[in-house]
Amino acid sequence: MTADSTPTHAGEPQDAARRPPAGTAENNTTWMPPGQYAETVLKATAFACVYFTDEKDRPLQMHSVYSPVHPWQLVGGTMDKGERPWETAVRECREETGLTVSGPPRLLATVYGLPGAEWPYSTIGMVFDGGRLTAAQIRGITLNPQEHDEVRVLPLAGWKALMPPRDFARLSAVAQARRTGEAAYFDTWGWGNE
């Protein structure tokens, strides 16, 4: 084999000058260099959240100062480069509330959303169980005013009037996962205005 020859699928040398580029119909392959292939696949952002309740199992959420589409949110946020989901949940919880959650992580739900008018990419996220907070822990929450201006605990049904239907459906799925011990897969969350 010469320096300008490479093996074919059968192991026979093929002259590089006559070889069609990888990923073309002429060479009957779909292989592309990883960087080039990565440009062709779905783009998504990832997030991780922590689901807290009070001691009566009433969900805790925070009011967003920046998102009219998703006004009430779980504790959490977008993953930073190099982070794993649980690391994001722990970091975001500390930044947004001053609380430190400890593991081991218990996954309650995986959430998927399609892109929409408010966000150009799909989103995929994990919601972890943060446990039950005492009244003193809830009173001790320190909000980041650039992100949230209120923390509230309500019975699940009380959240319905305050949230878009898909956000409430997601919250309900997470609450059910906590009750049943069976993780939820929720793929109808998104950036629509319904």
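Note on numbering: residues in each chain are counted from 1, in written sequence order. Only residues with pLDDT of at least 70 are given local features in this predicted model, and only at 80 or more are side-chain atom pairs given and counted; all residues enter the totals for whole chains, interfaces and linings. As a rule here, side-chain values come from all non-hydrogen atoms in the structure, and water together with hydrogens is ignored.

**Side note on the overall build of the protein**
Helix numbering and strand numbering both begin at the N terminus, where a helix is a DSSP run of H or I of at least 4 residues and a strand a DSSP run of E of at least 2. Check the secondary structure of the protein and you find five helices and ten strands. Long-range pairs, those at least 24 residues apart, make up 60% of the contacts in the protein between residues at least 6 apart in sequence. When the accessible surface of the protein is totalled, it reaches about 11300 Å², and 55% of it is carbon and sulfur. The contact rule is simple, with two residues in contact once any of their heavy atoms fall within 4.5 Å. Surface exposure here means Shrake-Rupley accessible area, sampled with a 1.4 Å probe, where a residue is shielded only by the protein chains that are shown.

**Quick word on the pattern of salt bridges**
Salt bridge, as applied in this entry: a Lys or Arg side-chain nitrogen positioned within 4 Å of an Asp or Glu carboxyl oxygen. Within this structure, the stated rule accounts for ten salt bridges. Close ionic contact of Glu 95 with Arg 91 constitutes a salt bridge, the shortest N to O distance being 3.1 Å. Placement of both Glu 95 and Arg 91 in helix α2 (residues 85-97) is noted, with a separation of four residues, approximately one turn of the helix. With a relative accessible area of 12%, Arg 91 lands in the buried category. Salt bridges linked by common partners bring Asp 57, Arg 106, Asp 129, Arg 132 and Arg 178 together as one network. Residue burial is assigned from relative accessible area. The probe radius is 1.4 Å, only protein chains are included, and a residue is buried under 20% of its type maximum, exposed over 50%, and partly exposed in between.

**Description of the sheet that holds strand β4 (residues 60-64)**
By this definition, two strands are paired if DSSP reports at least two bridges between them. Ordered by their spatial adjacency, three strands build an open sheet running β5-β4-β9, and the pairing between neighbours is antiparallel. Two strands in the sheet have a free side with no partner beyond their single neighbour: β5 (72-73) and β9 (148-153). As paired elements, β4 and β5 share two bridges and run antiparallel to each other. Across the sheet, His 63 pairs through a bridge with Trp 72, a residue of β5.

**Remarks on unusual backbone geometry**
Across residues other than glycine, the phi torsion is negative in most instances, and most of the peptide bonds are trans. Backbone torsion omega between Gly 103 and Pro 104 reads 5 degrees, so that peptide bond is classified as cis. Within the secondary structure, Pro 104 sits in the loop between α2 and β7 (107-114). We note that Asp 57 has phi near 65 degrees; this positive angle belongs to a residue other than glycine. In this fold, Asp 57 is placed in the loop between β3 (44-54) and β4. The partly exposed category is assigned to Asp 57, whose relative accessible area is 39%.

**Topic: the environment of Lys 56**
Within the secondary structure layout, Lys 56 lies in the loop between β3 and β4. The exposed category is assigned to Lys 56, whose relative accessible area is 66%. Spatially, the C-alpha atom of Lys 56 lies 9.9 Å from that of Val 153, the residues being 97 residues apart in sequence.

**Considerations on the pairing of strand β8 (residues 122-133)**
Where β3 meets β8, eleven bridges bridge the pair, whose relative direction is parallel. For Val 50, the partnering residue across the bridge sits in β8 and is Phe 128. Where β7 meets β8, six bridges bridge the pair, whose relative direction is antiparallel. Within β8, the residue paired with Tyr 112 across the bridge is Ile 124.

**Describing the packing of aromatic side chains**
Paired rings are identified among Phe, Tyr and Trp, the last through its six-membered ring, by centres lying within 6.5 Å, and are further divided according to the angle between planes into stacked (under 30 degrees), edge-to-face (over 60) and tilted (the rest). For the coordinates displayed, the defined rule picks out two aromatic pairs. Both rings, one in Trp 86 and one in Phe 128, keep their centres 5.2 Å apart while their planes meet at 75 degrees; by these two values the pair is edge-to-face. Of this pair, Trp 86 sits in helix α2 while Phe 128 sits in strand β8; the two residues are 42 residues apart in sequence, bridging distant segments of the chain.

**A look at the side chain of Arg 91**
Counting of polar contacts relies on pairs of N or O atoms within 3.5 Å, with two restrictions inside protein: one atom must be capable of donating a hydrogen and the other of accepting it, and residues adjacent in sequence are counted only when both atoms are side-chain atoms. A distance of 3.2 Å separates a polar atom in the side chain of Arg 91 from the backbone oxygen of Thr 78. The contact partners of Arg 91, leaving out residues within four places of it in the chain, are Thr 78, Met 79, Asp 80 and Glu 83.

**Some remarks on helix α5 (residues 165-180)**
Side chains that are three or four residues apart share a direction in an α-helix, a result of its 3.6 residues per turn. For α5, with 16 residues, the first-to-last C-alpha span of 22 Å sits near the 22 Å given by 1.5 Å per residue. Taken together, the buried positions of α5 are occupied by Asp 167, Phe 168, Arg 170, Leu 171, Ala 173, Val 174, Ala 175, Ala 177 and Arg 178. Following α5 by one or two positions, Gly 181 adopts a phi angle in the positive range, close to 80 degrees. Any helix carries an expected span of 1.5 Å times its number of residues minus one.

**Examining α2**
Its 13 residues give α2 an end-to-end C-alpha distance of 18 Å, which sits within 8% of 18 Å, the value for a rise of 1.5 Å per residue. Taken as a whole, α2 has its buried residues at Thr 88, Ala 89, Val 90, Arg 91, Glu 92, Cys 93, Glu 96 and Thr 97. Positive phi appears at Gly 98, one or two residues downstream of α2, with a value of about 85 degrees.

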